[in-house]
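What follows is the residue order along each chain.
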Amino acid sequence: MSSIRRNSGVYRGIAWVSLVSFVFMCALPPSASASEIVKVQGGVSVVLRTSQNIMPTTVQVGDPIDLIVANDVKVKNKVVIKAGARAVGTVSEASKENFLGILGKVRIELHSVEAVDETSISIRGGKSVEGEDKMVLTIVLTLICLPFFLIKGGNAVVASGGTIDAVTVGTSEVTVE
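Definitions and limits used
- Residues numbered from 1 in each chain as written.
- Predicted model: local features only at pLDDT ≥ 70, side-chain atom pairs only at ≥ 80, totals over all residues.
- Heavy atoms only, no water.
- Helix = DSSP H or I, 4+ residues; strand = E, 2+ residues; numbered from the N terminus.
- Buried < 20%, exposed > 50% of the residue type's maximum accessible area, 1.4 Å probe, protein only.
- Contact = heavy atoms within 4.5 Å.
- Areas by Shrake-Rupley, 256 points an atom, 1.4 Å probe, with all protein chains shown as cover.

### Brief notes about the overall build of the protein chain
Along the backbone of the protein chain there are two helices and 10 strands. Taking all 177 residues of the protein chain together, the buried fraction comes to 26%. Partitioning the contacts of the protein chain with sequence separation of at least 6, the portion at a separation of at least 24 is 67%. Taken as a whole, the protein chain presents about 11200 Å² of accessible surface, with 59% of it coming from carbon and sulfur.

Here you go:
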């Protein structure tokens, strides 16, 4: 009879643990892994930062340019593009400064940004920078003394850490947690 009482105590303990576990599971909020699809419409603003100096002496037309997202982008209070995410653009113009005071130029066109679910969202935007134009100065000084035609125009530089504004294009669906 004492073995039955010992076993019934074990069964009661198991029953209590099971009951307490069940109550806790029912009381917990819905799982954090529940996901939702958010539609990102065209025209949503995305601010990007350059991660390196971009100048015509170091890039060529068609070269890819990596940028990073400066701030979280939210739609319906959900982060769809996280700060630090990767964005991609290309160099669409790169002309070096030249003699006779001709200025340098560099232009970047933006293409896509990575969403929180690692899908690619199309973006539109860009930045164009020109160096200092010294052509008039060079011509005037060359008339006075011939060697001044060797003066170069200013170099164009998109500085590291500089911002470029972009907007989303079309509608994209992003799965958010």
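There's more to say after this.
### Some thoughts on unusual backbone geometry
Even without being a glycine, Lys76 presents a positive backbone phi close to 55 degrees. A relative accessible area of 69% places Lys76 in the exposed class. In this model, Asn77 sits at a positive phi of 65 degrees, which is unusual for a non-glycine residue. For Asn77, a relative accessible area of 71% corresponds to the exposed category.

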